[in-house]
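Letter by letter, the chains look like this.
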Amino acid sequence: MRLDVVTIFPEYLAPLDLSLIGRARRDGVLDLAVHDLRDFTHDRHRTVDDSPAGGGAGMVMRPEPWGEALDAVLAAGRSALGDDTAVPTLVVPTPSGTPFTQAAAHELAGLPWLAFACGRYEGIDERVLEDAAERMPVRPLSIGDYVLGGGEAAVLVVVEAVARLLPGVVGNPESLVEESHAAGLLEYPVYTRPATWRGRSVPEVLSSGNHALVARWRRDEALRRTARRRPDLVERLDPAGLDAADLALLDDLGWVLEHGRLCRAEP
Ligand code: SAM
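Since this is a predicted model, take the numbers as computed values, not measurements. Here, residues in each chain are numbered from 1, in the same order as that chain's written sequence. In view of the model being predicted, local features appear only for residues whose pLDDT reaches at least 70, and side-chain atom pairs are presented and counted only at 80 or more, with totals across whole chains, interfaces and linings using the full set of residues. Side-chain numbers come from the whole structure's heavy atoms, not from hydrogens or water.

Draft legend 1. Layout of the pairing of strand S5 (residues 89-99). Note that S5 and strand S6 (residues 113-117) share three bridges and pair parallel. Residue pairing in the sheet places Thr89 in a bridge with Leu114 of S6. As paired elements, S5 and strand S7 (residues 138-142) share six bridges and run parallel to each other. Within the sheet, the bridge partner assigned to Pro93 lies in S7 and is Leu141. Two strands are said to pair when DSSP picks up at least two bridges between them. Comment: elements are numbered from the N terminus, with helices defined as DSSP H or I runs of at least four residues and strands as E runs of at least two.

Draft legend 2. Layout of the nonpolar core. The term nonpolar core refers to a set of buried residues drawn from Ala, Val, Leu, Ile, Met, Phe, Trp, Tyr and Cys, joined through side-chain atoms within 4.5 Å. Buried residues are those whose accessible area, probed at 1.4 Å on protein chains only, stays under 20% of the maximum for their type, while exposed residues exceed 50% and partly exposed ones sit between those limits. With 29 residues, the main nonpolar core has Leu3, Leu30, Phe100, Leu108, Phe116 and Val162 as its most contacted residues. If you list the elements that add at least two residues to this core, you get strand S1 (2-7), helix H1 (19-26), helix H3 (102-109), S6 and helix H5 (152-163). Among the elements that take part in this core, H5 stands out by supplying seven residues, more than any other. Note on contacts: a residue pair is in contact if any heavy atoms of the two residues lie within 4.5 Å. Contacts of Phe100, omitting those with residues within four sequence positions, involve Ala105, Leu108, Leu141, Ser142, Ile143, Val157, Val158, Ala161 and Val162. Residues Val48, Val73, Val92 and Met136 belong to the second largest nonpolar core, which totals 22 residues.

Draft legend 3. Region of interest: the site of the ligand. Being near a molecule or strand, for a residue, means having at least one of its heavy atoms within 4 Å of it. If you check the shell around the ligand, you find 18 residues, and the closest are Pro93, Glu122, Gly144, Tyr146 and Leu148. For the ligand, a nitrogen atom lies 2.9 Å from a polar atom in the side chain of Glu122. Backbone polar atom of Gly150 to an oxygen atom of the ligand: 3.3 Å apart, as the coordinates give it. Computed by Shrake-Rupley with a 1.4 Å probe, the accessible areas treat only the displayed protein chains as cover when residues are assessed. Expressed as a share of its isolated accessible area of 590 Å², the protein-covered part of the ligand is 82%. Within the residue set of the shell around the ligand, elements represented by two or more residues are S5 and S7. When residues in the shell around the ligand are grouped by element, the largest group, three residues, is from S5. Here the residues of the shell around the ligand are counted per class, giving nine nonpolar, eight polar and one charged. For this analysis, a polar contact is any N or O atom pair within 3.5 Å, provided that within protein one partner can donate a hydrogen and the other can accept it, and provided that sequence-adjacent residues contribute only side-chain to side-chain pairs. When residues are grouped by polarity, Ala, Val, Leu, Ile, Met, Phe, Trp, Tyr, Cys and Pro land in nonpolar, Asp, Glu, Lys and Arg in charged, and all others, Gly among them, in polar.

Draft legend 4. View of the pattern of salt bridges. When a carboxyl oxygen of Asp or Glu is within 4 Å of a side-chain nitrogen of Lys or Arg, the pair counts as a salt bridge. Within this structure, the stated rule accounts for 20 salt bridges. Measuring nitrogen to oxygen at the nearest pair gives 2.9 Å for the salt bridge that ties Glu179 to Arg164. Here Glu179 is found in the loop between H5 and strand S8 (196-197), whereas its partner Arg164 is found in the loop between H5 and S8, with 15 residues between them in sequence. Of the residues examined, Arg164 reaches a relative accessible area of 24% and is grouped as partly exposed.

Draft legend 5. Looking closely at the packing of aromatic side chains. The pairing test for Phe, Tyr and Trp rings, Trp by its six-membered ring, is centres within 6.5 Å, and the orientation test on the planes gives stacked under 30 degrees, edge-to-face over 60, and tilted for anything in between. The tally for this structure, following the rule as stated, stands at one aromatic pair. Measuring from centroid to centroid gives 6.5 Å for Tyr191 and Trp217, while their planes differ by 50°, and the two rings are tilted. In this pair, Tyr191 is assigned in the loop between H5 and S8 and Trp217 in helix H6 (residues 211-229), connecting sequence segments 26 residues apart. The buried category is assigned to Trp217, whose relative accessible area is 18%.

Here you go:
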């Protein structure tokens, strides 16, 4: 997968040299290029921002350096991929974007080329997105309902979530199957050695050697944890994916099936 990141803080992306992502880059699974937006300015101060049209607080990123930077990304990526017609999907991190979810991570992981436009200040002049959309798919994505100072941290989040889904990046692909958000539930609690630590024991069932019992215990704990921490996810569960034991446990936790959807029982 080819990744291009445009930013005014290239050093911010240094963590992409580490851990699984760093190894994926060294193994050639990921080809990452980071571009300094200021390289596409033409004034002495390498200016990338200006006051907002219509007035108001803060500064807005000017369109000209962005236009040139995205033209350069297109040319560099096409040459690296050896395909004159290839286009990236442009991911624009913004708190006003659609939520970035595990489903979105899977979708992006299926694409050959992603480009990222890191905003700063009050964001990027909207015409940049309109202009880019004439040449490539544009995805404004939010990593959560809060406001960061810039898009770089969001890019680290998106790249990490996407890259670990690429074949060969996570050592054991089985670990992607049962984790949180893979099937609409949060993951069950996990434990390791020692069997007892500070007077706390690993749940006995986990050393029973009975795979069916372990699987049932994990499923119950995943349902309990999801109901406690993320009731919105329980509401979205497809009842067709729940067995009788799931429904009995949810019933104990105060959830009932109504018109094919799980709802909290009236007190
Ligand atoms: N004025 C913008 C608004 O209210 O929507 C916020 C701009 S924010 C201070 C600067 C940059 O941080 C954004 O352009 C975006 O790149 C990034 N950013 C901030 N919060 C984000 C979030 N929740 N998800 C993704 N990117 C975010």
